[in-house]
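Each chain, written out:
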Amino acid sequence: MPGADGSTRAYTPRTEPRTFTPGAPLTSRTVFSAAHVVADPYADTTPDSPAAVDWDATLAFRRHLWSHGLGVAEAMDTAQRGMGLDWAGAAELIRRSAAEAHAVGGRIACGVGTDQLTSGGPASLDEVRAAYEEQLALVEGVGSQAILMASRALAAAAQSPDDYLDLYGHLLRQAAEPVVLHWLGPMFDPALEGYWGSSDLDAATETFLEVIAAHPDKVDGVKISLLDARREVDLRRRLPEGVRCYTGDDFHYPELIAGDDHGFSHALLGIFDPLGPLAAEAVRTLDTGDAKGFRELLDPTVELSRHLFQAPTRFYKTGVVFLAWLAGHQDHFTMVGGLQSARSLPHLARAYELADGLGLFPDPELAEARMRSLLTVYGGVA
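The rules behind these values
- Residues numbered from 1 in each chain as written.
- Predicted model: local features only at pLDDT ≥ 70, side-chain atom pairs only at ≥ 80, totals over all residues.
- Heavy atoms only, no water.
- Salt bridge = Lys/Arg side-chain N within 4 Å of Asp/Glu carboxyl O.
- Helix = DSSP H or I, 4+ residues; strand = E, 2+ residues; numbered from the N terminus.
- Buried < 20%, exposed > 50% of the residue type's maximum accessible area, 1.4 Å probe, protein only.
- Core = buried A, V, L, I, M, F, W, Y, C linked by side-chain atoms within 4.5 Å.
- Contact = heavy atoms within 4.5 Å.
- Pairing = 2+ DSSP bridges.
- Right-handed = clockwise from strand over helix to strand, strands pointing away.
- Phe/Tyr/Trp six-rings, centres within 6.5 Å; stacked < 30°, edge-to-face > 60°.
- Lys NZ or Arg CZ within 6 Å of the ring centre and 35° of its normal.

Quick notes on the pattern of salt bridges
Two side chains that carry opposite charge are able to pair once their charged atoms sit near each other. Across all of its chains, the model carries 20 salt bridges by this definition. With its nearest N and O atoms 3.9 Å apart, the salt bridge here joins Asp 331 to Arg 370. Separated by 39 residues along the polypeptide, Asp 331 in the loop between α12 (316-326) and α13 (345-358) and Arg 370 in helix α14 (residues 364-377) bring together distant segments of the chain. Since its relative accessible area comes to 68%, Asp 331 is described here as exposed.

As structure tokens, this is what we get:
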């Protein structure tokens, strides 16, 4: 196996699979996996052309997550929203996944953004509002819960915190059902620097909380993706009664989900794409009141998560899709927009080792064979 320093080392893969039993929805926590999309490897596309999606494999992966009792957070950044998947592709993904969720009884929430604003220079606040409204209407029209995602266009157009208060207030007043508000930090998307009207996170937090306090009946919960456990806990304790905190912290999720004497976080996580069955088993253990058993199952996964989400964090999706290929959820390692090239071979090799050590591959021999084939493609000794 190749190392980051150019050296190679021997690695002996595990031979026995670890089994995880599908089960009913989880009870002590509401848990969403932000699911990836599977590209069509035979489509004649370029990195800047519309995405070609393998719909059968994409929907099969969602059924896999639902079978373990997890909810699916659809058309989020894990699905390469704004990084290969355009609004037309996201809209089709939302329609198909919502229909599939209704058919199998799976829980689904879908991302509402403004990514149709892609040409003609900076958008005005009115254009941002209209784009949000179009997407909200689609998501609610297919019977899905809405996740109001952070908007690059709004970050560019807003001049003050009041612009965020006005626009989000307008959207929340017209939402048919309570939504999830999503605060995605600039480590995931540099274009979101200064969201909520300030690069000072303390000031931004006050604006965020002001939006929620003005419309607590329209906010089911908030998803915080700042990779700062202390800040999430502080914010969680200040939420109005009945408003949930969904952790999006892929570095500290076991402790945040377990919680403390003052409360806990639910989850909406990209890392629960590759960890889906194991994460479900851990939360099912927590459902019985066994917090120690929950941590014993989930704590060992943090090293893999931190590896996949290391800077530049926005390219974590490459590792997620790579592990889905090794696990047999898709037949190829290609991504929309050609993003399979966004991580190095040593990075992918380490991801394989960590995932194999956790027993994430239903067929370890298949995973080993695919890892060997990748090493051969890169010119290594397999």
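Looking at the nonpolar core
Tyr 168, Leu 181, Tyr 195, Phe 272 and Phe 322 are the most contacted members of the largest nonpolar core, which has 119 residues in total. A per-element tally of this core places α13 first, with 8 residues. The contact partners of Leu 181, leaving out residues within four places of it in the chain, are Leu 148, Tyr 168, Leu 172, Phe 208, Val 211, Ile 212, Val 219, Gly 221, Val 222 and Lys 223. Counting 10 residues, the second-largest nonpolar core is a separate cluster that includes Phe 32, Ala 34, Ala 109 and Met 149.

A few points about unusual backbone geometry
Going from Ala 311 to Pro 312, the amide bond is cis rather than trans, its omega being -5°. Mapping Pro 312 onto the fold places it in the loop between α11 (302-308) and α12. A positive phi angle, close to 70°, is found at Trp 196, a residue other than glycine. Turning to its location among the elements, Trp 196 is positioned in the loop between β5 (179-184) and α6 (201-214). Judged by relative accessible area, Trp 196 falls into the buried class, the value being 0%. Residues other than glycine seldom take positive phi values, yet Leu 227 does so here, at roughly 55°. Summarising the element assignment, Leu 227 is placed in the loop between β6 (219-225) and α7 (229-236).

A look at the pairing of β5
Across the 6 residues that make up β5, a large majority, 6, are buried. Residues Val 179, Leu 181 and Trp 183 line one face of β5 and the alternating positions Val 180, His 182 and Leu 184 line the opposite face, and both faces are buried. In the sheet, strand β4 (residues 145-148) pairs with β5 via 2 bridges, with the strands oriented parallel. Each residue of the ladder has a partner; that of Leu 148, found in β5, is Leu 181. This β-α-β element, β5 to α6 to β6, shows right-handed connectivity.

What to know about the packing of aromatic side chains
Summed over the entire model, instances satisfying the criterion amount to 18 aromatic pairs. A ring pair is formed by Tyr 352 and Phe 361, whose centres lie 5.8 Å apart and whose planes are at 15°; its orientation type is stacked. You can call Tyr 352 buried: its relative accessible area is 2%. According to the relative accessible area criterion, Phe 361 is buried, its value standing at 3%. Through pairs of rings, three or more aromatic residues link up here, namely Tyr 132, Tyr 164, Tyr 168, Trp 183, Tyr 195, Trp 196 and Phe 208. Its end group placed over the ring of Phe 264, Arg 29 keeps NZ or CZ at 3.5 Å from the ring centre.

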